[in-house]
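# Summary of structural features
If you want the building blocks of each chain, they are given just below.
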Amino acid sequence: MAGILDSVDSRTQLVGQNRLEILVFRLAGRQQFAINVFKVQEVLQLPRLTLIPQRHPMICGVINLRGQTLPVIDLSRAIGMRALTPDANSTIIVTEYNRSVQAFLVGGVERILNLNWEAVQPPPGGAGRQHYLTAITKVDDRLVEIIDVEKVLAEIVPMNTRVSADRLDDQLLEQTRGREVLVVDDSSVAIAQLRDTLGQLGLRLHVATDGLRALQQLKRWADEGQDMEQKLLMIFTDAEMPEMDGYRLTTEIRNDPRLRDLYVVLHTSLSGSFNDAMVRKVGCDDFLSKFQPDQLVEVVRRRLEKVPA
């Protein structure tokens, strides 16, 4: 297990190539699940677990990892499957999402896979577990379900979407009323958060659930002869999405003369230090880590300052 993440350092080579690495694991059965390696800090055997009173039902307890206290979340139970029983042989995956670090209890880690985003599809409609998936793929003719961890975490600790009153008391923000933005994200939770916060600025949202759909919509508008800079104040795009990721979407936008001047913000739960470099590499105009309502407004304000009077 110690070597399971040895390949993570090569991840920057995937950016702009529409590729990703996923960590494949099991929960309470034979079905394979996955999360993006970018989010994973380490995989290890469960340290001593401490129970806490009045804890959330999905939290098994807390651990102390190198001086940091982390909640341990039963990922199987969190997505509606049979609960796992933690013991000394259990495996945890330590992850970082939205500037928070937590551990997920899993049934066992299998391997890391390098895939093309085009091989990753949105989950099928319907009830049940699909509610907690952002995507699916097939590996060796076996279905692998990619979990919407943002949704899992939001149900345990709901995100705040309200903007501070002093942030809204800004004459420059009056320019946002009635303007349009494009939001590109495969997470229903992230879309809802952006809709709530940007709605407080009077912005009108167009939504695409992956980069390919977003690019197709942008090209349709351009084909209709619309002035794209006048139509869209800005684009908020997630990094990791089925079919086309946010890095590739930005590259495609910059390569189209009709779209290249659009203002693109990378809005992601991936770590800021990594994304600062990637923003420069693919040509995004700004970067924002999820989910910070006041900082989101500040990004909009920075965009308005660049709009010609």
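As the structure is a computational prediction, the values presented were derived from the model and not from experiment.

## Describing the sheet that holds strand S4 (residues 59-65)
Taken in spatial order, the 5 strands line up as S3-S6-S7-S5-S4 in an open sheet, and their pairing is mixed. Edge positions in the open sheet fall to strand S3 (40-45) and S4, since each of these has one partner strand only. Sheet twist, expressed as the mean angle between neighbouring strand axes with direction ignored, is 30 degrees. Strand direction decides the pairing type here: S3 and strand S6 (residues 91-97), joined by 5 bridges, are antiparallel.

## Re empty space enclosed by the protein
Enumeration according to the criterion identifies 3 cavities of 30 Å³ or more in this entry. When its volume is computed, the largest cavity comes out at roughly 210 Å³. Considering the residues around the largest cavity, the lining is formed by 22 residues, among which Lys 39, Thr 134, Ile 147, Asp 186 and Glu 240 are closest to the centre.

## Description of the pairing of strand S2 (residues 32-36)
Of all the 5 residues making up S2, 5 are buried; the element is thus mostly covered by neighbouring parts of the structure. Alternating positions in S2 separate into two faces, Gln 32, Ala 34 and Asn 36 on one and Phe 33 and Ile 35 on the other, with burial throughout. Sheet topology places strand S1 (residues 19-26) next to S2; 5 bridges connect them, and they run antiparallel. Counted as the bridge partner of Ile 22 is Asn 36 from S2. Between the end of S1 and the start of S2, which pair antiparallel, lie 5 residues.

## Considering the sheet that holds strand S14 (residues 264-268)
Ordered in space as S12-S11-S13-S14-S15, the 5 strands form an open sheet in which the pairing is parallel. Two strands close off the open sheet at either side, each with one partner strand: strand S12 (204-208) and strand S15 (286-289). Between one strand and the next, the sheet's axes are offset by a mean angle of 25 degrees, whatever the strand orientation. Inspection of the sheet shows strand S13 (residues 232-237) paired to S14 by 3 bridges, in the parallel sense. Looking across to S14, one finds that Ile 235 is bridged to Val 264. This element, helix H9 (residues 293-305), spans S13, S14 and S15 of the sheet and lies at about 140 degrees to S13.

What counts and what doesn't
Residues numbered from 1 in each chain as written. Predicted model: local features only at pLDDT ≥ 70, side-chain atom pairs only at ≥ 80, totals over all residues. Heavy atoms only, no water. Pairing = 2+ DSSP bridges. Helix = DSSP H or I, 4+ residues; strand = E, 2+ residues; numbered from the N terminus. Axes fitted to C-alpha atoms, helices over the stretch in contact; angles between N-to-C directions. 1 Å grid on protein atoms, 1.4 Å probe; cavity = no way out; pocket = protein on both sides within 12 Å on 5 of 7 lines; lining within 4 Å. Points joined across faces, edges and corners; volume = space filled by probe spheres on them. Buried < 20%, exposed > 50% of the residue type's maximum accessible area, 1.4 Å probe, protein only. Contact = heavy atoms within 4.5 Å.

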